[in-house]
Amino acid sequence: MADRPHQDREVDLVIVGAGPAGLFAAYYGGFRGLRVAVIDSLPQPGGQVMAMYPEKPIHDIAGFPSVRGRDLIDGLMRQAAPFDPLYLLGQQATGLHRDVHGILTLTTSAGVRVTCRAVVLTAGVGTFSPRELPAGGSYEDRGLVYFVPRPDDLADQDVVIVGGGDSAVDWALLLDGVARSVTLVHRRARFRAHEHSVARMLASPSIEVLVDHEVMEATGTHMLESVRVADKRGNERRLKCQTLVAALGFVADLGPINEWGLELRDRHILVDTTMATSLPGVFAAGDVTEYPGKVRLIAVGFGEAATAVNNAMTLIDPEASLFPGHSTDQPC
Ligand SMILES: Cc1cc2nc3c(=O)[nH]c(=O)nc-3n(C[C@H](O)[C@H](O)[C@H](O)COP(=O)(O)OP(=O)(O)OC[C@H]3O[C@@H](n4cnc5c(N)ncnc54)[C@H](O)[C@@H]3O)c2cc1C
């Protein structure tokens, strides 16, 4: 590909993945005085939290008895903001190259090249894309959605949700009382979602639940107007529907990261106690890492991000100490 100098960026540290671990790593890089770039293939920061459960309360973040997913991500963004990280969103990190001087270059699907001295991979489960709803046909961006980032946007809409897992049931509960009508269509009789959530949904007088049903067809002249559903005996019904939420799960894939020569195990990156990977200058943190006793939780990812960035710091500046100092010693 032709060189595109206007697309080239130079920073100290590149973070691949703007989930909770990546955003906290961005804060820590800034705190250590590093110029940081954050790359994410999704158009919005927040990783799994914003993509899959922005409205859910999380109960196991240290210091927060309960925090809504969206508020946690907002807080992480505000924490990193004073250090002005460069966000390269909506673009996948596709290539990683290390030259003889130890300079690393990341390339993105948008043709951007970012050079740096160290990389922290916080790629979670990889680039994830929603499982498609075949009957949704061509209604993407015209009524068919895979996420509900802002439930209030669906006020005065008839919403049909498809799926039987946690996301589908959570969206139904969230939209109950917000949307004009909420119907959940699940092709089986049993739900995979948390029992308590299923019980709440079934107890709601305003959520219609159609089990053993499938969405056969979506129709509408320009925007989505209705869906045709059928039960196992072939009995059909047409439901008014301006928004169809396909909550059928995700396909996750490390994608190009598989080709970067990292030591991997079961789709995860092996790291040592400094969070260093098998590639010099490349660290990892969060769900993507693997080591004996690994626990995949946000709280763990935060700790790993701090370890990764502080160890990266000693590589970028061999004079720098590993311990960052206490944040309480910094001016407000
Ligand atoms: C429904 C649900 C509920 C959950 N509840 C809890 C809970 O209560 N408590 C808890 O601690 N955890 C919970 N989790 C798990 C938690 O969300 C994850 O542990 C956390 O999101 C991991 O953060 P991360 O930053 O490591 O990765 P992720 O959040 O997965 O973010 C990784 C980011 O990297 C990006 N990416 C990947 N590859 C590339 C690439 N090549 N180029 C550019 N970008 C890339 C992805 O797009 C993604 O945005 C839950 C998960 C789900 C699905």
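Residues numbered from 1 in each chain as written. Predicted model: local features only at pLDDT ≥ 70, side-chain atom pairs only at ≥ 80, totals over all residues.

## Focus on the nonpolar core
Logical step 1: By size, the foremost hydrophobic cluster in this structure holds 60 residues, and its most contacted members are Val 14, Ala 25, Val 119, Val 120 and Phe 283.
Logical step 2: Take this core: its biggest share by element is eight residues, from helix α1 (residues 20–31).
Logical step 3: Residue contacts for Val 119: discarding those within four places in its chain leaves Val 14, Val 16, Leu 96, Leu 104, Leu 106, Gly 281, Val 282 and Phe 283.
Logical step 4: Listed in part, the 35 residues of the second largest apolar core include Tyr 139, Val 148, Trp 171 and Val 185. (Core = buried A, V, L, I, M, F, W, Y, C linked by C-beta atoms within 7 Å. Buried ≥ 20, exposed ≤ 12 C-beta atoms within 10 Å, placed from the backbone. Helix = DSSP H or I, 4+ residues; strand = E, 2+ residues; numbered from the N terminus. Contact = placed C-beta atoms within 7 Å.)

## Some words on the packing of α1 against helix α6 (residues 298–316)
Between two packed helices, the angle of one axis relative to the other and the distance separating the axes together describe the packing.
Logical step 1: Contact geometry for α1 and α6: axes closest at 8 Å, N-to-C directions at 35°. Considering the relative orientation of α1 and α6, their crossing is right-handed. Between α1 and α6, the residues in contact are Pro 20, Ala 21, Phe 24, Ala 25, Tyr 28 and Gly 29 and Ile 298, Gly 301, Phe 302, Glu 304, Ala 305, Ala 306, Ala 308 and Val 309, respectively.
Logical step 2: Counted by class, the contact of α1 with α6 contains 11 nonpolar, two polar and one charged residues. (Axes fitted to C-alpha atoms, helices over the stretch in contact; angles between N-to-C directions. Left-handed = near helix turned anticlockwise from the far one by under 90°. Nonpolar A, V, L, I, M, F, W, Y, C, P; charged D, E, K, R; others polar.)

## A look at the sheet that holds strand β8 (residues 104–108)
Logical step 1: Read across the open sheet, the four strands follow the order β1-β9-β8-β7; overall the sheet is mixed. Each end of this open sheet is capped by a strand with a single partner; those strands are β1 (8–10) and β7 (93–98). Sheet twist, expressed as the mean angle between neighbouring strand axes with direction ignored, is 20°.
Logical step 2: Inspection of the sheet shows β1 paired to strand β9 (residues 113–116) by three bridges, in the parallel sense. Each bridged residue has a counterpart across the sheet, and for Asp 8 the counterpart in β9 is Arg 113. (Pairing = 2+ DSSP bridges.)

## A look at the sheet that holds strand β18 (residues 236–240)
Logical step 1: Read across the open sheet, the three strands follow the order β16-β17-β18; overall the sheet is antiparallel. A single partner strand is all that each edge strand has here, and the edge strands are β16 (213–219) and β18. Going from strand to strand, the sheet's axes swing by 30° on average, the running direction of each strand aside.
Logical step 2: Where β16 lies against strand β17 (residues 226–231), six bridges are found, and the strand directions are antiparallel. From the neighbouring strand, Glu 214 faces β17, where its bridge partner is Ala 230.

## Some points on the domain arrangement of the protein chain
Logical step 1: Per the domain assignment, the segments of the protein chain are domain 1 (5–128 + 251–329) and domain 2 (132–248).
Logical step 2: The C-alpha-based centres of domain 1 and domain 2 are spaced at 34 Å.
Logical step 3: Contacts between the two partners involve six residues from domain 1 and, on the opposite side, six residues from domain 2.
Logical step 4: When its residues are assigned to classes, the side of domain 1 that touches domain 2 shows four nonpolar, no polar and two charged. (Domains from an automatic or database assignment.)

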